[in-house]
Amino acid sequence: MSLIAVAWCWCWCLLFLLSSNIIVVVVAFSPLSAAANNYNNPLFSANQSTATKTTILMMTKHKSSSASSRNGDNNDNVGTNARPPRHQLLFHDIPKQETGINHLHKNKNCDGTGIKIAIMDTGCDLSARGLSGNCSDGKTHKYIDFVDCTGDGDVDMSTTVTINPNNCTSKNNGIITVVGVSGRNCTLDTTTLWGTTTTNNIKKELKMGAIRLYDLLPQGVLKRVKKERKEIFMEKHRILLSNTQVQLDALLLKSNNNNDGGGSNNDNKKNDDGKEDKNNVIETKKKELKLMLEQLMSIKDTYDEDSGPIMDIFMFQDNDGVWKAIIDIEANGDLTNFIPMAPFRYARQVGELGFGSHVTFCIQVYDEGKTLSIVTDAGSHGTHVAGIAASYFGPTTTSSSMGGENEKDDEGMTTTTTTKEKKSNDYNLNGVAPGAQILSIKIGDGRLGSAETGTGLIRGLIAAKKYGCDLVNLSYGEPSWQPDVGRVSEVFAKAFNDWGMTVFTSAGNDGPALSSLGSPGSLTSIITVGAYVSPEMAREQYSTLPPENGDSPLQGSSYYFSSRGPTPDGFLPDVCGPGGAVAPVPRAALQGKTQMHGTSMSSPNVCGVAACVLSAVRQNGVKDCGPNELKRALKNTAVTSGVADPFSQGSGLVSALDCVEYIIKNHGKEGQSIAIDVSIPSRDRARGLYIRDEIELDGRTEFSIQVNPKFSHSKLRTSREMDELLSLELHLLLKSTEEWVTCPESMTLMSANRNFSVRLNTQGLRPGVHYASVHALDASDEARGPLFTVPVTVIVPHSRFVSKDKPKFHLNDSSEESIELKDNGLDLSTTFRLEQGIPNRRFVTVPLGAEWATIKVKSTEATTTVPRILLHAIPFVRGDMPNKECQLKQFFYVNEGVEQEYHIRVKGGSSLEVCLQLLWLSNPSPALVTADIEFHSFNIRSPNLMSSQPITITAASEFARLGASAPLRAEQLNPECKLKSLLRTLRPNNVYISLGSADRDSEPPSDADLASNVIEEPSRIYEMRLSYQFKVEGDKPIEVRPSFPSLFNQLYDSPVDSQLWSLQDNNSKVITYGSCMHHASPTSLKKGDYTVSLLLRHPRRSTLDQMKDLPCEISMNLPSALSCNLYSELDKASTPAVKDDGRKPMEKKLLCKGSFQDIYVARPIDDLPSWAVPGDFIQGTLVLDKDKEAVSSMKILYVVPPKATVKNGDDEKSKTKEKEDSLEDVIFNAKLGHLASLRAKNVTVYKEIVSALKKERPHSIPLLTEMLTFALEGPFPDSETGDEDQVRLMEVDKVYNQSLKENGGPIDPLALAQYFGLNEPDKDELEADDEATELNKVMKEQRDALKKILLERASLYGSVADKNSSKVPPFEKAVKELKQWIKLESLKDDDEKIKLTITLGRHARICQEKMALAISLLLKAKKDLSSGKNLKQLDEELLTLYDLVDGMSHVKENLKESMCYRYPVFKRNV
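Residues numbered from 1 in each chain as written. Predicted model: local features only at pLDDT ≥ 70, side-chain atom pairs only at ≥ 80, totals over all residues. Heavy atoms only, no water.

How should I be thinking about the overall build of the protein chain in this particular structure?
Of regular secondary structure, the protein chain possesses 33 helices and 65 strands. By residue count, 56% of the 1470 residues in the protein chain fall in the buried class. Considering only intrachain contacts with a sequence separation of at least 6, the fraction spanning at least 24 residues in the protein chain is 76%. Accessible surface computed for the protein chain: about 62800 Å², of which carbon and sulfur atoms make up 48%. (Helix = DSSP H or I, 4+ residues; strand = E, 2+ residues; numbered from the N terminus. Buried < 20%, exposed > 50% of the residue type's maximum accessible area, 1.4 Å probe, protein only. Contact = heavy atoms within 4.5 Å. Areas by Shrake-Rupley, 256 points an atom, 1.4 Å probe, with all protein chains shown as cover.)

This is the structure we're talking about:
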């Protein structure tokens, strides 16, 4: 599974290739990872065009098809894709019979009709099959609305322009031209905007914004679009190369003909004078074309940047006050034919992004027009999930009531109906609740590869409540640290308990080992769903082979990947549902439907069942079945099917008909609608008993259970609420499901907390995992089922049953499975018989002191098949470490005679689970394997893996000391220590706190508060943005990764709502985004200044105020790893810089059992990077055995010391005596320094001081430099009306003339040429002669000043000559003089190199008409220069050149898009 998980959903695309045998190719992908949409077919079909074309799909009555027409199209389209008749199908695309929902559908309006489901996911395709039309009633729109809660489609619309006759560039028939935010001239039709045909009397306000197309595309679509655009670019470039080659070939032919001569002697004599000139012209053109071909090939070979089109956006209020937007989705500035789009809820308008993306979108407008949200999907996952829950392709049967005649359905089962109407073939394609409506809530942030953020989750729940949703499905998840803790968890509890929304979530796909359940599946106030697969699903969705003779038949079971409980505090999933489906996916995936499986699929299936259940009970008068009542009904009516597994299935497989009957029968009974929390105070308020480690089996056996009823009451209780509180009196029977758990017979529960005790007797339990539960039943109505349950899980390690006296223990009667203690009394060997659908577990107590285990797996029997097996090992559960942080998970094939070896870190005294499961989806044949488990240790690490502190070499110490031993067995010691990255801690340089969006970030009050008329304003969420600045230095790019360690790996349990950061360069280009949940990939950065912007959110401003100094850690990879020598002697480690005493670092050796070895880690002796500063840490790893790095490595830090300042004696002697400044020098320099502050403030005073200083010191080079700066940067005189470049050129020319000695200035170019034309004095000569030293200093100052003046002068001449051809001759002269003094490699400043390159490029273009030469100069500079404020000018000059060369429009457009990305004119905040 990738870092970014959708309920850790490993979804699979299955492609069935039929030949003589059935071959099943299973391609794994994560729909929310960087490869989220890799299963999308990247190829167009034959009738699809690759042309850049945009289609607007409108659901309005003007300039578009109507909504009803669109809905009709949906049903018509379905008809053309009708499936074969039901009797030809063995199974539904979306499983229904497992839960019995197909029988409930026989009844009118029991298919989710009237129920609203919020799908919190990647967002949904607005035009997906089965979702874009109506619900099963044929009238109600399937989609309620589309909401992007992530902010990744937000556009800042704060820029405004007022349209009136004074600023309309064009005023013809209502067509106006406005300069968009992108800088592009955009034409709009005012008749479309405001319904007027003239602009003469218009005075309207337009809001403007812009966004990159690529910021809106899902990653899979983005990859495809880039590929297609590159192909188009390359085809145009191939034509350009071909045409250029044709021109060159023609010149070569012409040149050869000229050289061949021909004609009479008289003709030859006449042409002799002109022939040489003609040949020279041809040769020049040939060189130019050859150079042009080289540059075109270079452009082709270096093509790696497609930044995507920039789309301008204009927004306005129509005459009814509705905000509407026009989006330039063709990115060409012509918006005259585009129809303004209103938010989806007004006219259900849908657009489609262009450039072959086929991504549909709608818009939302927030905060009085300040923000436009362009809502797209971030991947296929959300559409698939929505399709499972509620897609509708065709009609279900319609009956008048829930009673009637009996008849046989298509499966031969008896059903009840009052109509003879047959089900449509399309029914088989429908989702579980085709009558339900869908609210698409996007919580998968496209900036993060569609991972969720706290912002998205909390906004999503707020939106679901705002739209009145009954149910919420969240098929997402992350590793769990501490359940029911943190801001996001609090809001989920509020949604469930206070806002009346039942939330369903996937358990996760990290099984089959125990304690692999993550968040939000581990939360209490939620319904967690595991993934179940039936035999029918196995046969139809996965083409599973039938069992061989003698093998057990296929049986229903949990999918192997379905995450298991218990959590560290004993909590389990609630129920399970079918975990695979063939369902719709976005059109942009270039396929209509696909097969996926995962708990991401089981959750919407059960959510759909719940929608049907609610619609059914409402038909029978139960209008107020709330979340707690629905959860209790689903759990109490769930059934066990196939292989029972409470750790993945909870109460079992949901049963729709039983659930409906249960709710109708028990609604209104005392305590039925309240939540009852169970906790164990002595175990940190755990929600269940989980005895995992062997030491606990011999410890305390009696535990106190606290029971707490929870009421969803208003802050000021009403009389009715007081009556409910005071009247609660439940007489409960307490029953244990297993004899080894003893509980009291009964208890009475009232509104206050009550306690009772349970006792465990584990002495007679066999090895393995044991589950029991204590049920609390209504004494007067036991059939009502448990009102609360105490889950109890006990693990009895298998290793407990072997000893030196009895080394082998058989685990079953057949003797096929056993566990054996090896002769060394340490290692174990155990056999596994693996069968379809059943995880086989071994629990082993890890010896004290063990640090890692080696697991060796091999086959023990010859078979005709090669079974594929999953090994999942979890070393311990206690503590706040999620299983993903320490687990071992490997898929492998078991071949006879081949042993697989794996290593995992362990903790002494804890129970290591080694779980093997047969991956049977294609082949269910059993397998018999053996696993050997060996334990190892160097006795060097802290016993708690999470609290292990790194080895640290401080700035003052030269080494770190540690010791290794071999307490368990002889170990190989083969150490190595390398430092690979530098860590720098930053504090924010800027902090800004503001209120969040009034429309999206206001938490509503509880339903109880609203019902009791308690006046309470929604709670607004505050946002805090922190900025951190850092530099990247050095000549080579460095890989950099920001992070925030104090908040890292926290999402559902985070103390704040959101953690989202962006990394920007000094041009405000966003380089990458990251969250505090998953590490971003390191980003290669060139030399320059960078900023990290972090967004934190919380409803209390005071909390954010106290976090405004939050540190940021910047990790910078070293150009090459630094080695730290390892010694066994202290004296060697304490003098690491000594090299010539014959020392040798530690080498590979065998550490005998019981022996001890001192290890001294010396600081690195190689030079640290020049950019490392005191306070930085250099980070790396100490590996004790290079052959087992994963389990024998330790983190090491070296604190960067202060830089050395002591110089040797030779350096001291070589110091020259510095001449002290006189009083006159000090005063002169002070006046000179003061000039800089006067440049823009007071030009008159500035010139007066300059005039006085010139008289005082006419030969001052610093004064000359200041005068040049003023000429270039001083304020442009208001009286000047001419070209600014021309005016500044005149001023620079004045400075140049005043600098020359012939005009009384300090610079004599001839003297400088003579001085530097000779050999300069060497270092020894200068040290011996103070006068020579002073002269050298003066001459260099004069040369540098002359260079600067000549460069600025030539540059301005080039700018002027580009506009005025009469200035070409002086430009040529200026460049000629410039070349005499300056070469590109002699300049040190990148901006000066840029200026020189542009000047020479313009000279080649303007004076020599050598476009290829100019392009080559500029492209080389772009390649060589990585910094400089004026890099953009290189691109601007290239644009001018590309515009002058025929056939380069595609190169020009690509460069313009790149410039808009690298030098953004609009900024995107986190």
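Would you explain the state of the cysteines in this entry?
Think of a disulfide as a covalent bridge from one cysteine sulfur atom to another cysteine sulfur atom. Within the structure shown, the criterion is met by zero disulfides. Considering cysteine sulfurs only, Cys-469 is the nearest to Cys-607, which forms no disulfide, with 9.9 Å between them. Residue Cys-625 stays outside any disulfide, its sulfur separated by 7.4 Å from that of Cys-659, the closest cysteine. A relative accessible area of 12% means that Cys-625 is categorised as buried. (Disulfide = S-S within 2.5 Å.)

What exactly am I supposed to notice about the confidence of the model for the protein chain here?
Fine structural detail should not be taken from predicted coordinates in areas where pLDDT scores are low. Here the protein chain averages 86 in pLDDT, and 86% of its residues register 70 or above. Note on residues 1-90: pLDDT under 50 across the span, and 248 contacts to partners over four residues away in sequence or across chains. Low confidence marks residues 397-424, where pLDDT is under 50. Its contacts with residues over four positions away, or in another chain, come to 60 contacts. (pLDDT = per-residue confidence, 0-100.)

Would you take a moment to explain the sheet that holds strand 11 (residues 310-317) for this structure?
Pairing is antiparallel in the open sheet, where four strands are placed in the order 7-10-11-12. The open sheet has two edge strands with one neighbour each: strand 7 (159-163) and strand 12 (323-327). Each strand of the sheet is rotated relative to its neighbour by a mean of 30 degrees, with strand direction disregarded. (Pairing = 2+ DSSP bridges. Axes fitted to C-alpha atoms, helices over the stretch in contact; angles between N-to-C directions.)

Before we go on, may I ask you to explain the packing of aromatic side chains in this structure?
How two aromatic rings sit relative to each other is given by the distance of their centres and the angle of their planes. Under the counting rule described, the total for this entry stands at 18 aromatic pairs. Arranged with centres 6.2 Å apart and planes meeting at 40 degrees, the rings of Phe-492 and Tyr-1052 form a pair that is tilted. Here Phe-492 is found in helix 9 (residues 487-497), whereas its partner Tyr-1052 is found in the loop between strand 55 (1038-1043) and strand 56 (1059-1065), with 560 residues between them in sequence. Side by side, Phe-492 and Tyr-1052 carry an identical accessibility label, which is buried. Relative to Tyr-771, the ring of Phe-647 lies with its centre 5.8 Å away and its plane at 80 degrees, an arrangement referred to as edge-to-face. One end of the pair, Phe-647, is in helix 13 (residues 646-649); the other, Tyr-771, is in strand 35 (residues 768-778), and 124 residues separate them in sequence. An aromatic cluster is defined as three or more aromatic residues linked by ring pairs; in this entry it consists of Tyr-542, Tyr-559, Tyr-560, Phe-561 and Phe-891. Between Arg-842 and the ring centre of Phe-832, over which it is positioned, the NZ or CZ distance is 4.2 Å. Here Arg-1143 stacks its cationic end above the ring of Tyr-1127, 5.5 Å away from the centre of that ring. (Phe/Tyr/Trp six-rings, centres within 6.5 Å; stacked < 30°, edge-to-face > 60°. Lys NZ or Arg CZ within 6 Å of the ring centre and 35° of its normal.)

Help me understand the pattern of salt bridges, please; the structure alone is not making it clear to me.
Side-chain pairs of opposite charge can arise where the charged atoms are in close proximity. Tallied over the full model, the rule gives 78 salt bridges. Residue Glu-817 is joined to Arg-842 by a salt bridge in which the shortest nitrogen-to-oxygen separation is 3.1 Å. With Glu-817 in the loop between strand 37 (808-810) and strand 38 (818-821) and Arg-842 in strand 40 (residues 840-845), this pair connects stretches of sequence that are 25 residues apart. The class for Glu-817 is buried, based on a relative accessible area of 12%. The class of Arg-842 is buried, set by a relative accessible area of 2%. Each of the salt bridges in this network shares a partner with another, and the network as a whole consists of Arg-459, Asp-1001, Glu-1023, Arg-1025 and Arg-1097. (Salt bridge = Lys/Arg side-chain N within 4 Å of Asp/Glu carboxyl O.)

Even after reading the chapter, I still don't get the packing of helix 28 (residues 1330-1363) against helix 29 (residues 1368-1381), so can you show me in this structure?
Packed helices, taken two at a time, are described by their axes: the angle between them and the distance between them. Following both chains from N to C, one finds helix 28 and helix 29 inclined at 155 degrees, their axes separated by 9 Å at the closest point. When the axes of helix 28 and helix 29 are compared, the pair comes out roughly antiparallel. The element helix 28 and its partner helix 29 pack so that their crossing is left-handed. Only Val-1368, Pro-1370, Phe-1371, Ala-1374, Val-1375, Glu-1377, Leu-1378 and Trp-1381 of helix 29 make contact with helix 28, whose side of the interface consists of Arg-1343, Leu-1346, Lys-1347, Leu-1350, Leu-1351, Arg-1353, Ala-1354, Tyr-1357, Gly-1358 and Ala-1361. (Parallel < 35°, antiparallel > 145°, perpendicular 65-115°, else oblique. Left-handed = near helix turned anticlockwise from the far one by under 90°.)

Hey, could you run me through the pairing of strand 14 (residues 360-366) in this one?
Successive residues of a regular strand alternate their side chains across the two faces of the sheet. Counting buried residues along strand 14, seven of its seven residues qualify, which places the element largely inside the surrounding structure. The side-chain alternation of strand 14 yields two buried faces, one formed by Thr-360, Cys-362, Gln-364 and Tyr-366 and the other by Phe-361, Ile-363 and Val-365. Between strand 14 and strand 15 (residues 371-375), which follow one another and run antiparallel, lie four residues, and Asp-367 among them has a positive phi close to 55 degrees.

Explain the sheet that holds strand 30 (residues 702-710) to me, please; I cannot follow it from the model alone.
Think of a sheet as strands paired side by side through backbone hydrogen bonds, with each pair either parallel or antiparallel. Read from one edge to the other, the open sheet built from four strands follows the order 28-30-34-32, with strand pairing classed as antiparallel. With partners counted over all chains shown, the strands left at the sheet margins are strand 28 (675-679) and strand 32 (741-742), one partner each. Strand direction decides the pairing type here: strand 32 and strand 34 (residues 754-760), joined by two bridges, are antiparallel. When the bridges of strand 34 are listed, Val-741 appears paired with Leu-760.

Would you mind going over the environment of Arg-1041 with me for this structure?
Looking at the secondary structure, you find Arg-1041 in strand 55. When its relative accessible area of 25% is taken as the criterion, Arg-1041 is described as partly exposed. Along the sequence, Arg-1041 and Glu-1113 sit 72 residues apart, while their C-alpha atoms lie 8.4 Å from each other. Residues in contact with Arg-1041, not counting those within four places in the same chain, are His-1079, Ala-1080, Pro-1082, Glu-1113, Ile-1114 and Ser-1115.

Would you explain the nonpolar core in this entry?
Nonpolar side chains tend toward joint burial in soluble globular proteins. With 60 residues, the main nonpolar core has Ile-117, Leu-471, Phe-504, Leu-630 and Ile-663 as its most contacted residues. For this core, the element with the most residues is helix 11 (residues 599-619), which contributes 11 residues. Once residues lying within four places of it in the same chain are set aside, the contact partners of Leu-630 are Leu-471, Thr-502, Phe-504, Ala-610, Val-613, Leu-614, Cys-625 and Ile-663. Core analysis: the second largest hydrophobic core is formed by 58 residues, Ile-953, Ala-964, Cys-1076 and Met-1116 among them. (Core = buried A, V, L, I, M, F, W, Y, C linked by side-chain atoms within 4.5 Å.)

How should I be thinking about unusual backbone geometry in this particular structure?
Excluding glycine, residues mostly carry a negative phi; peptide bonds, for their part, are mostly trans. The omega torsion across Ser-519 and Pro-520 is 5 degrees, close enough to zero to call that bond cis. Assignment of secondary structure puts Pro-520 in the loop between strand 22 (502-506) and strand 23 (527-533). Gly-565 connects to Pro-566 through a cis peptide bond whose omega is -5 degrees. Positionally, Pro-566 belongs in the loop between strand 24 (557-558) and strand 25 (575-578). One non-glycine residue, Ser-515, adopts positive backbone phi at about 60 degrees. In this structure, Ser-515 sits in the loop between strand 22 and strand 23. The exposure class of Ser-515 is buried, given its relative accessible area of 8%. Even without being glycine, Asn-939 reaches a positive phi, approximately 50 degrees. Inspection of the secondary structure puts Asn-939 in the loop between strand 46 (927-936) and strand 47 (951-953). Look at Asn-939 and you get partly exposed, because its relative accessible area is 44%.

For this particular structure, what's the right way to read the side chain of Ser-1002?
Counting through the fold element by element, Ser-1002 comes out in strand 52 (residues 1002-1003). Polar side-chain contacts of Ser-1002 include one of 3.0 Å to the backbone oxygen of Ala-998. Residues contacting Ser-1002, with those up to four places away along its chain left out, are Ile-462, Ser-997, Pro-1018, Ser-1019 and Arg-1020. (Polar contact = N/O pair within 3.5 Å; in protein donor to acceptor, adjacent residues only side chain to side chain.)

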